[in-house]
Amino acid sequence: MTFYQELQLNSAGSKRLIKNTADKKEKIRHILIYNFKVYLVMAFCVAVVSAYSKLTGSENSVVGVTVLLSVLVLRQADFGIKTTHGIFSIAGIFGILMAGPRLAHMVSPVLAFVINVICIFLLMILGCHNVIMHNHSTFVLGYLLLLGYPVTGQAYLLRVEGLAVGMILCMIIFYKNQRKRPYRRTFLDLFREFDLKSARGRWYIRLTLTVSSAMLFMNLLGLPRAMWAGIACMSVCLPFPKDCITRARDRWIFNVVGCLLFIGLYLLLPKSMHPYIGMIGGIGVGYSAGYAWQTAFNTFGALSIAAGLFGLPMAVLLRIGANAFGALYTLSGNKVVQQI
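Since the structure is predicted, the reported quantities are computational estimates derived from the model, not experimental observations. (Residues numbered from 1 in each chain as written. Predicted model: local features only at pLDDT ≥ 70, side-chain atom pairs only at ≥ 80, totals over all residues. Heavy atoms only, no water.)

A. Highlighting the overall build of the chain. Along the chain, the regular secondary structure elements total 15 helices and zero strands. Summarising its shape, the C-alpha atoms of the chain cover approximately 60 × 55 × 45 Å along the three principal directions. When each of the 340 residues of the chain is scored for burial, the buried share is 45%. For the chain, restricting intrachain contacts to residue pairs at least 6 apart in sequence, the fraction spanning at least 24 positions comes to 74%. Put simply, the chain shows about 16800 Å² of open surface, and 69% of that area lies on carbon and sulfur atoms. (Helix = DSSP H or I, 4+ residues; strand = E, 2+ residues; numbered from the N terminus. Buried < 20%, exposed > 50% of the residue type's maximum accessible area, 1.4 Å probe, protein only. Contact = heavy atoms within 4.5 Å. Areas by Shrake-Rupley, 256 points an atom, 1.4 Å probe, with all protein chains shown as cover.)

Right under this line is the structure:
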């Protein structure tokens, strides 16, 4: 396996390669490449997000995160349709990301619920036809992040410009990498093949209604960070309901583990180091091969921001509460849908 090929492996693949290599020199080589890859990806992520923050304002750093996730996914993932038609899907997805979160913040919680249902459902249709690609974890996540960090006025115009640049970049990368793949389905087939009786169609509905209603309840109760509950629901709501049970358990348990680790770092490190705890979490995610520890380390970035806004105790309580609620609410919703 070449150096470049090893860089393309995910964390699980790299760890498996290291474990299965008997030759000591080769094992050391694989370990060095794995470590290099983790820090290379981290440096690339920091560079992209920093560039977006500088060009569009610090309040739009979330745009950099959304574009970055989309670029990383579209390098390899597809939409299950003809490549040239996939360009239309990307345009539709980014159009929703530009308009949906802004519209939802201009109306009451109930009307915002309606807007979220429409937008998330369309994101599922446009981006998640090929279920095994798990594209919802990128596009719906991007929507929820933008929803959770609203902007207005000039900052919003800069957000739209940043997303437009990201959309064009994604189109170029997607077409370059996917243009030779043969497909029989077209863009319109994404809509024609929607069927409430199919497992995929029911998954679209489950995820859309669960995520949107969880955020509605948080908003009606006046609780901040409703997006945390939405993200938890999205993460737990897998295409096959039986898989959700293990995912829900890992979500709330390792979210608590992540919060405890964050508290330890927050109290032990000097205040000048607190802004870097999120980066430490990013490195931890890079080394994590499974969902559980990725969940734990993902709490670092979220809590780094929230602790500055609400204080450490309130931020941790919100994080644990929103994720526990999202995980349990998703399981309850699955049972209801299965009985219909």
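There's more to say after this.
B. Molecular detail of helix H8 (residues 153–178). Compared with the 38 Å implied by 1.5 Å per residue over 26 residues, the 37 Å span of H8 between its first and last C-alpha is a close match. Listed in full, the buried residues belonging to H8 are Ala155, Tyr156, Arg159, Gly162, Leu163, Gly166, Met167, Cys170, Met171, Ile173, Phe174 and Gln178. The inward-facing, buried residues of H8 contact helix H3 (24–56), helix H4 (61–74), helix H5 (83–104) and helix H7 (136–148). (Expected span 1.5 Å × (residues − 1).)

C. Just the confidence of the model for the chain, in detail. The predicted model of the chain has a mean per-residue pLDDT of 91, with 99% of residues at 70 or higher. Here helix H1 (residues 3–7) stands out as the element of the chain with the lowest mean pLDDT, 83, in contrast to helix H6 (residues 109–127), whose mean of 96 is the highest. (pLDDT = per-residue confidence, 0-100.)

D. Highlighting the packing of aromatic side chains. In the structure shown here, the tally under the stated rule is 17 aromatic pairs. Where Trp293 meets Phe297, the ring centres are 6.0 Å apart and the plane angle is 35°; that geometry is what we call tilted. Placement of both Trp293 and Phe297 in helix H14 (residues 291–310) is noted, with a separation of four residues, approximately one turn of the helix. Relative accessible area serves as the criterion here: at 41%, Trp293 is assigned to the partly exposed category. Given the relative accessible area of 19%, Phe297 is considered buried. Looking at Arg247, its charged tip hangs above the ring of Tyr291, at a distance of 3.8 Å from the centre. Looking at Arg319, its charged tip hangs above the ring of Trp228, at a distance of 5.0 Å from the centre. (Phe/Tyr/Trp six-rings, centres within 6.5 Å; stacked < 30°, edge-to-face > 60°. Lys NZ or Arg CZ within 6 Å of the ring centre and 35° of its normal.)

E. View of the pattern of salt bridges. Under the definition given, this model contains six salt bridges. Across the salt bridge formed by Arg29 and Glu6, the nearest N and O atoms sit 2.9 Å from each other. Residue Arg29 is located in helix H3, and its partner Glu6 is located in helix H1; the two are separated by 23 residues in the primary sequence. Assessed through its relative accessible area of 28%, Arg29 is described here as partly exposed. (Salt bridge = Lys/Arg side-chain N within 4 Å of Asp/Glu carboxyl O.)

F. Structural detail: helix H12 (residues 241–268). Its 28 residues give H12 an end-to-end C-alpha distance of 41 Å, which sits within 8% of 40 Å, the value for a rise of 1.5 Å per residue. Those residues of H12 that sit buried are Cys244, Ala248, Asp250, Arg251, Phe254, Asn255, Gly258, Cys259 and Phe262.

G. Main features of the state of the cysteines. Tallied over the entire structure, the rule returns zero disulfides. Its sulfur unpaired, Cys237 is 5.4 Å from the next cysteine sulfur, which belongs to Cys244. Judged by its relative accessible area of 0%, Cys237 falls in the buried class. (Disulfide = S-S within 2.5 Å.)

H. Molecular detail of the environment of Trp293. Counting along the chain gives 42 residues from Trp293 to Arg251, while the straight-line C-alpha distance between them is 9.5 Å. Setting aside its immediate chain neighbours within four residues, Trp293 contacts Phe254, Val257, Leu261 and Ser288.

I. Representation of the nonpolar core in the model. Residues Ile90, Phe94, Tyr143 and Leu207 are the most contacted members of the largest nonpolar core, which totals 73 residues. For this core, the leading source of residues is H6, giving nine residues. Not counting the four nearest positions on each side in its chain, Tyr143 is found in contact with Ile96, Leu97, Gly100, Pro101, Ile115, Asn116, Cys119, Ile120 and Leu123. Membership of the second largest hydrophobic core comes to five residues, among which are Val236, Leu238, Cys244 and Ala248. (Core = buried A, V, L, I, M, F, W, Y, C linked by side-chain atoms within 4.5 Å.)

J. Spatial organisation of the packing of H7 against helix H11 (residues 226–236). At a minimum axis distance of 9 Å, the contact between H7 and H11 shows a crossing angle of 175°. Relative to H11, the element H7 lies roughly antiparallel. Of the residues in H11, those touching H7 at His136, Ser137, Val140, Leu141, Leu144, Leu145 and Gly148 are Met227, Gly230, Ile231 and Met234. Here the contact of H7 with H11 is composed, by residue class, of seven nonpolar, four polar and no charged. (Axes fitted to C-alpha atoms, helices over the stretch in contact; angles between N-to-C directions. Parallel < 35°, antiparallel > 145°, perpendicular 65-115°, else oblique. Nonpolar A, V, L, I, M, F, W, Y, C, P; charged D, E, K, R; others polar.)

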